[in-house]
Amino acid sequence: MKIVTVVGARPQFIKAAVVSRILRKQAEEILVHTGQHHDYNMSDVFFEELEIPKPDYNLGISGGSHGKMTGAMLGAIEEVLMKEKPDALLVYGDTNSTLAAALAAVKLHIPVCHAEAGNRLGSFDNPEEVNRICTDHVARKLLACTESAMEFLKHEGIADRAVLVGDPMYDAFCYYGDKAGMAQNHVLTGFNGEKLSVPEKFYYLTCHRQENTDDPEKLLNILKAVNSLDAPCVYPVHPRNRQTVMALRGEYALKNMVFCEPVGYLTSVALVKNAEKIVTDSGGLQREAFFAGKQCVTVFDYVVWPETMTANRNQLAKPDSQDILTKLSAEQVIDPAYKPFGDGHAGDKIVKELLSI
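No experiment lies behind these values; they were computed from the predicted model shown. (Residues numbered from 1 in each chain as written. Predicted model: local features only at pLDDT ≥ 70, side-chain atom pairs only at ≥ 80, totals over all residues. Heavy atoms only, no water.)

**Overview of the pattern of salt bridges**
The tally for this structure, following the rule as stated, stands at 16 salt bridges. Ionic pairing is found between Glu156 and Arg120, a salt bridge with its closest N-O pair at 2.7 Å. On the criterion of sequence distance, the pair formed by Glu156 in the loop between helix 6 (147-155) and strand 7 (162-164) and Arg120 in the loop between strand 5 (112-117) and helix 5 (127-138) is long-range, its members being 36 residues apart. Taking relative accessible area as the criterion, Glu156 reaches 28% and is therefore assigned partly exposed. (Salt bridge = Lys/Arg side-chain N within 4 Å of Asp/Glu carboxyl O. Helix = DSSP H or I, 4+ residues; strand = E, 2+ residues; numbered from the N terminus. Buried < 20%, exposed > 50% of the residue type's maximum accessible area, 1.4 Å probe, protein only.)

**Focus on the packing of helix 4 (residues 96-107) against helix 5**
At their nearest, the axes of helix 4 and helix 5 sit 9 Å apart, and the two run at 25° to each other. Relative to helix 5, the element helix 4 lies roughly parallel. The interaxial crossing formed by helix 4 with helix 5 has left-handed handedness. Here helix 4 contributes Asn96, Thr98, Leu99, Ala102 and Val106 to the contact with helix 5, which in turn contributes Asn131, Cys134, Thr135 and Val138. Along the lines of polarity and charge, the residues of the contact of helix 4 with helix 5 split into five nonpolar, four polar and no charged. (Axes fitted to C-alpha atoms, helices over the stretch in contact; angles between N-to-C directions. Parallel < 35°, antiparallel > 145°, perpendicular 65-115°, else oblique. Left-handed = near helix turned anticlockwise from the far one by under 90°. Contact = heavy atoms within 4.5 Å. Nonpolar A, V, L, I, M, F, W, Y, C, P; charged D, E, K, R; others polar.)

**Considerations on the sheet that holds strand 12 (residues 257-260)**
Across the sheet, which stays open at both edges, the six strands sit in the order 12-11-10-13-14-15 with parallel pairing between neighbours. Edge strands, defined here as strands with exactly one partner in the open sheet, are strand 12 and strand 15 (314-317). Ignoring strand direction, the axes of neighbouring strands in this sheet form an average angle of 20°. Bridge count between strand 14 (residues 296-299) and strand 15: four bridges; the pairing is parallel. Residue pairing for strand 15: Val297 is matched across the bridge by Gln315. Running over the sheet, helix 13 (residues 321-329) touches strand 13 (278-280), strand 14 and strand 15 and is turned about 165° from strand 15. (Pairing = 2+ DSSP bridges.)

**A closer look at the sheet that holds strand 6 (residues 141-144)**
The strand order 3-2-1-4-5-6-7 describes an open sheet built from seven strands, whose pairing is parallel. Only two strands of the sheet have a single partner each, and these edge strands are strand 3 (57-58) and strand 7. One ladder, built from three bridges, connects strand 6 with strand 7; its direction is parallel. Its bridge partner lying in strand 7, Leu143 is registered against Val163. Together, strand 1 (2-7), strand 4 (88-92) and strand 5 form the strand contacts of helix 4, whose direction differs from that of strand 4 by roughly 165°.

**Some thoughts on the layout of surface pockets**
Estimated volume of the second largest pocket: approximately 180 Å³. Around the second largest pocket, the lining comprises 15 residues; the ones closest to its centre are Tyr170, Phe290, Phe291, Tyr338 and Lys339. Among the elements that line the lining of the second largest pocket, the one with the most residues is helix 7 (residues 168-180), at three residues. Its residues assigned to classes, the lining of the second largest pocket comprises 10 nonpolar, two polar and three charged. (1 Å grid on protein atoms, 1.4 Å probe; cavity = no way out; pocket = protein on both sides within 12 Å on 5 of 7 lines; lining within 4 Å. Points joined across faces, edges and corners; volume = space filled by probe spheres on them.)

Written as structure tokens, this is what we have:
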């Protein structure tokens, strides 16, 4: 059986590391990298340290508007699918790469398997929501991470194609967690190439969504909040908002921040596991904080993972300094028996369902 897997962004590389390791023992996999995340720190380092097979195709498509990017990917992926003639297509998550691949495959009558199906925010203001919904409604197999995702698929009348498999991100966190080690064993890279040490005590910030970074005032409020904490805050800066961050750093006294280039997966896991607390706008990092038992504040308007929103373990905040600090100060309560993301074997279940096509 031949499977074409399409990835394009960091979270998808992590999921592919889990699933491809299992899939390739039972089937032929053709790996396509669209290039949506394309520089070394956003792409290559993930393939290297997670030992993901080198992509069979690297399409090199990045930048531009959503429509331009998705259209370019659609045509390029269609060419790959017509050449390879796979038995099925596997896609992950909610990126433009996922939507383009799903559309290309379904028009060629190739069954689509969507891992991480059914996640919903409830708003078309979020471009990823459009990608998720469209992909789910053309897919043959819908593989959900959580019970809440299964409920959304039921409400949309497509639950007959859905299976609850668990979260491959949890598989990855379990598999690579020990390998990541202590955060202080990792070296960060500054904007000028200088080597930076991870403080003994620190907080961890990731912030890249356009809702938080396109307006410098919103980003400044987030930075001021973490800058005021009782220990330094490590902030790997996404390329899309690096210029804004550099301007704010130069204008305001943000002395309690460690600004650095994007980090690889193992470094990020080490930072998650060793941080005091976490502030993020990432769907992936808020789950990893949950896996690690670290209190998290998510700067976003919508609940992405309702399973994490319990006992102050993850709370939504506005891009407002006081709101973020108030939420961070709340005490979390951890129930060790509560495991809503599966048993750490989602990869095996995804492969089983994929091969059943």
